[in-house]
Amino acid sequence: MGYTELDNDLPARIKEQADIVQVIGECVELKKAGVRFLGCCPFHNEKTPSFSVHPGQQFFHCFGCGASGDVFEFQMKYHNLDFPTAMKELARRYHVEIPEKPMSPQEQEKRRRRKLMYAVNEKVVSIWKECLHQSGLAVEARKYLQQRGIPLTVQKQFGLGYAPSPDSAGWDYLGSRLKGEEHQVAIELGLLVKKEKGGTYDRFRDRVLFPIYDRQGKVLGFGGRIIGEGQPKYMNSPESMIFNKSASLLGLYQQGDAIRRHKQAILVEGNFDLVSLVVHGCPNVVAPLGTALTVQQLKLLKGYAEECVLLFDGDSAGVKAAMRSVPLFLGEEFAGKVALLPEGHDPDTFIREKGLAALEELLARAMPLPEFTLQQLVEEHGLTLDGKSRIIKELQPLLKAAKSSLQRSLMLSHFSESIGISAGDLGSAMAAVVPLSAVPPQRRKSKVEAEPERLAPLTSSQKRIVSHIVLYPDSVAKLEHAGLRNCLSGTIGEVLLLQLGALLEKSEDVTPEDLLDHLPQGGERLFVSDILLSSAEDSTGLSYQGNDGEITELLAKLERDHLLQQSKALEEKIFVCKNENDYAKQCAYALEKVKVDQRLQDLRKKNVVFE
């Protein structure tokens, strides 16, 4: 469904009807505070509410992480939707009619086919559920689920069903219950298989079936676990027009809200591992569909969680699977950890034998994936000269996968300390083994050496702020809450801020010298040394004192920078809306820009200038 060019005011009409407080209030606990509502931000961890909803202006804003927007933006960000889907959902909810967009005959047939595929899958779910719960053909399947400790409530929660054995129900149990065009669609979905001499037979036989849902609850396909003898033990629907197993996750539809509440996803490898964890009180869990973790699956999880813990078997296969996933996490800039189970256990047996408390303790000790990989490489190769050479070579894919110079700089700093060489030497060694073909022409330094990507230079204002946090580490928390990291993003200042944060987590009493001691040889250490020397030699009386007045001034500077970025972004949005004749959005952005510019004017009146 879409809308025509004659309906440019459609988003504005939907927004006018939608109650932003009601929509957000279903996901966030809001309390009225004057003309606005306050709550804890759903997009980052916080204990003190900084998430504000303004019903009059119909927008939300978080003063902690900077998330902001209208009711469409919230729906898209919180529920991981694209704009057309968010608009459609709000239109349906608030009874705003969306006219059909004219479609070609081919588009109409494709859309009809997709709808029929979903309908057939829904019918098959009902057929197999009825068989599991009511048929005498499923006695052994019910015993199997009982033995695995899966209660009826959880069976229904996940929509479990049973495809009976051909010995008891024949080879056409499912096919005989589908009529007309459903039969052909079931072949396309892989539910039925064509015989060479005509006719069909059921693909899934003597299996407990798990429907695989998308985020809106539509059935994409099925995964089946065999009950009796036979191979393979697990089998999924083949890919189709509506099903791509590399872009799907079992359990995400059912457990998505729990994952969002915990801000963490636990990923296990087996269908029954997932269900068993849910049964025993661990709800924030999903599973891939018999494949290695993919980029598409990580993109799905990023819409729900801040980090993902891989709960894998502790054998060599589990270790290798975890190590293979590291470049994916780095490429998506998504925090990944790994928790390995004791030998002889999978997640199902572990939680059934040890209980939830033992599982939670294991997850609490989960190791960040890059550190885990380095630890495994050190154990495998040792720290001899030859061992270090091998480790450097195997760390190369991780450095290549890093999305930013900041990420690479942090990894070099961390890895170099662990294997006992300087960050500069490690960086040079890494650059030396990058194939020339992998380096863009404009980035090539010579035929054998790549030009390293540099951090963005600091402005004079940024230098002042970085000098302040180096000399007065106890001011970091307050400045970071005000948006310091955004102000320093992509610079050496962000590297130092993260290093200070790590030190402050271990001790509240951190000195500038402590920071210097923990930095490897290289640009960051020289930069901090210069700050300390300048401070020691300053005899003008103008050095930073770290008093409340100066911190207030720095906080105001951060606010001004943020407002300037907002104003520029809104100006660009207004320009786009003007070109697209979207008057409603243009007006909304213009009103928002007026407020931002007014706050900037207030700061100028207070002489908040840092140039």
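For the structure itself, consult the block above.
Quick caveat: nothing in here was measured; it's all calculated off a predicted structure.

Section: a positive patch on the surface
Consideration 1: Taken together, the side chains of K88, K110, R114, K115 and K218 define a basic patch exposed on the protein surface.
Consideration 2: Locating R114 in the fold gives a position in helix α5 (residues 105-134).

Considering the side chain of S52
Consideration 1: Turning to its location among the elements, S52 is positioned in strand β3 (residues 51-54).
Consideration 2: For S52, the side chain forms a polar contact with the side chain of H54, separated by 2.9 Å.
Consideration 3: Beyond its immediate stretch of four places on either side in the chain, S52 contacts R36, F37, L38, F59, F60, H61 and F63.

Focus: the nonpolar core
Consideration 1: Core analysis: the biggest nonpolar cluster contains 64 residues, and W128, L191, V208, F222, L274 and L311 have the highest contact counts within it.
Consideration 2: Ranked by residues supplied to this core, first place goes to α5 with 10 residues.
Consideration 3: When neighbours within four sequence positions are excluded, W128 is seen to be in contact with G161, Y162, A163, L174, L191, F204, L209 and F222.
Consideration 4: Counting 39 residues, the second largest nonpolar core, distinct from the first, contains F372, L395, A401 and M411.

Section: the pattern of salt bridges
Consideration 1: Summed over all chains, the structure comprises 18 salt bridges.
Consideration 2: With a closest N to O distance of 2.9 Å, R112 and E181 form a salt bridge. Taken together, the positions of R112 in helix α5 and E181 in helix α9 (residues 181-188) put the pair 69 residues apart, joining distant regions of the chain.
Consideration 3: The partner of R352 in a salt bridge is D348, with the nearest N and O atoms 3.1 Å apart. Residue R352 and its partner D348 are both found in helix α14 (residues 347-354); the two are separated by 4 residues, about one turn of the helix.
Consideration 4: Taken together, the shared-partner salt bridges in this structure form one network comprising E109, R112, R113, E181 and E188.

Reading guide: rules and limits
- Residues numbered from 1 in each chain as written.
- Predicted model: local features only at pLDDT ≥ 70, side-chain atom pairs only at ≥ 80, totals over all residues.
- Heavy atoms only, no water.
- Patch = residues over 30% accessible without salt bridge, like charges linked within 9 Å, V, L, I, M, F, W, Y side chains within 5 Å.
- Areas by Shrake-Rupley, 256 points an atom, 1.4 Å probe, with all protein chains shown as cover.
- Salt bridge = Lys/Arg side-chain N within 4 Å of Asp/Glu carboxyl O.
- Lys, Arg positive; Asp, Glu negative; His and termini not counted.
- Charge placed at Lys NZ, Arg CZ, Asp CG, Glu CD.
- Helix = DSSP H or I, 4+ residues; strand = E, 2+ residues; numbered from the N terminus.
- Polar contact = N/O pair within 3.5 Å; in protein donor to acceptor, adjacent residues only side chain to side chain.
- Contact = heavy atoms within 4.5 Å.
- Core = buried A, V, L, I, M, F, W, Y, C linked by side-chain atoms within 4.5 Å.
- Buried < 20%, exposed > 50% of the residue type's maximum accessible area, 1.4 Å probe, protein only.

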